[in-house]
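If you want the building blocks of each chain, they are given just below.
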Amino acid sequence: LGHSDQPVLAWLDGIPAQGMLAGIAGAMGLLSVAGPSTFVRCYLAIVGSAVGGLMVGACASYFSGFSGSPFWIDGVRSILSGRGSIVEYLLWFTLLVLGFLRWLTGWECGLYAVVDEVEMGEGGVVTVLHKPLLTGHSEAGAALPPPPGPPPVARAV
């Protein structure tokens, strides 16, 4: 039962109230799916940042050779078992904190840009366009042709 070579597992095994630990983990898992949206959003921000940071830490372990294994998953295992390097743990913790702070402050960042607003001029014309989207309608207020009507219905005689 002992995990003397894995400090994190040994620490978890040393907690005397294993039933309470299991109950808390089960309640958090249940609330993460069926709980109030405020809890779910916070939970997803923390868990998502923790998993993302773990992936980056394991990537650093793989490319630096800290884990001593040619497999990326062994880097994950070494970090989770408490045998990772300080660099891996700093990467993991830094990304966890940054992800949580991003959620907490509502700061949006990303590798792409999205236009949230479109500027409209008088008469409902989009003002940021440099040329018309439809050919033959170069004037801003030109009326568009009406859409085609429905297809004729064949009637039995």
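Predicted model only: the values in this text are computed from it and were never measured.

Explain the overall build of the protein chain to me, please; I cannot follow it from the model alone.
In terms of regular secondary structure, the protein chain is built from 5 helices and 0 strands. For the protein chain, the N- to C-terminal ordering of α and β elements is α-α-α-α-α. Pairs at least 24 apart in sequence give 35% of the contacts found in the protein chain among residues at least 6 apart. Accessible area for the protein chain stands at about 12,400 Å²; split by element, carbon and sulfur atoms hold 69% of it.

Got a minute to help me understand the layout of surface pockets in this structure?
Counted as a void, the second largest pocket has a volume near 260 Å³. Among the elements of the structure, α3 (37–64) and α5 (86–105) are those that each provide at least two residues to the lining of the second largest pocket. Take the lining of the second largest pocket: its biggest share by element is 5 residues, from α5. Per-class residue counts for the lining of the second largest pocket are 6 nonpolar, 4 polar and 2 charged.

Mind showing me how you'd approach the environment of L91 here?
Along the polypeptide, L91 turns up in helix α5. For L91, a relative accessible area of 30% translates into the label partly exposed. Here the alpha-carbon distance between L91 and G53, two residues 38 residues apart in the chain, equals 6.5 Å. Excluding anything up to four places from it in sequence, L91 contacts V56, G57 and A60.

Help me out: how do you make sense of the side chain of E88 in this one?
On the secondary structure map, E88 appears in helix α5. Here E88 is buried and forms no salt bridge, its nearest opposite-charge partner R83 lying at an N-O distance of 9.4 Å. The residues contacting E88, other than those within four sequence positions of it, are G57, S61, F66, S78 and I79.

Explain a nonpolar patch on the surface to me, please; I cannot follow it from the model alone.
Among the surface-exposed residues, I46, V47, V51, M55, Y62, F63, F71, W72 and I73 lie close enough to one another that they form a single nonpolar patch of about 880 Å² accessible area. For the nonpolar patch, the element with the highest residue contribution is α3, accounting for 6 residues. Here I46 is to be found in helix α3. The exposure class of I46 is partly exposed, given its relative accessible area of 36%.

What exactly am I supposed to notice about the packing of aromatic side chains here?
Aromatic rings considered in pairs are described by the distance between their centres and by the relative angle of their planes. All told, the structure shown has 4 aromatic pairs when counted by the stated rule. Where F39 meets Y43, the ring centres are 5.9 Å apart and the plane angle is 25°; that geometry is what we call stacked. Of this pair, F39 and Y43 both sit in helix α3, separated by 4 residues, roughly a single helical turn. Take F39: its relative accessible area is 26%, and that puts it in the partly exposed class.

Is there a simple way to think about α3 in this case?
Think of an α-helix as 3.6 residues a turn; residues three or four steps apart then line up on the same face. The terminal C-alpha atoms of α3 lie 40 Å apart, and with 28 residues this matches the ideal 40 Å at 1.5 Å per residue to within 8%. For α3, every residue scored as buried is listed here: V40, A45, S49, G53, L54, G57, A58, A60 and S61. Where α3 is buried, its residues contact α2 (18–34), α4 (72–80) and α5. With its phi angle positive at about 80°, G65 sits one or two positions after the end of α3.

Cut-offs applied
- Residues numbered from 1 in each chain as written.
- Predicted model: local features only at pLDDT ≥ 70, side-chain atom pairs only at ≥ 80, totals over all residues.
- Heavy atoms only, no water.
- Helix = DSSP H or I, 4+ residues; strand = E, 2+ residues; numbered from the N terminus.
- Contact = heavy atoms within 4.5 Å.
- Areas by Shrake-Rupley, 256 points an atom, 1.4 Å probe, with all protein chains shown as cover.
- 1 Å grid on protein atoms, 1.4 Å probe; cavity = no way out; pocket = protein on both sides within 12 Å on 5 of 7 lines; lining within 4 Å.
- Points joined across faces, edges and corners; volume = space filled by probe spheres on them.
- Nonpolar A, V, L, I, M, F, W, Y, C, P; charged D, E, K, R; others polar.
- Buried < 20%, exposed > 50% of the residue type's maximum accessible area, 1.4 Å probe, protein only.
- Lys, Arg positive; Asp, Glu negative; His and termini not counted.
- Salt bridge = Lys/Arg side-chain N within 4 Å of Asp/Glu carboxyl O.
- Patch = residues over 30% accessible without salt bridge, like charges linked within 9 Å, V, L, I, M, F, W, Y side chains within 5 Å.
- Phe/Tyr/Trp six-rings, centres within 6.5 Å; stacked < 30°, edge-to-face > 60°.
- Expected span 1.5 Å × (residues − 1).

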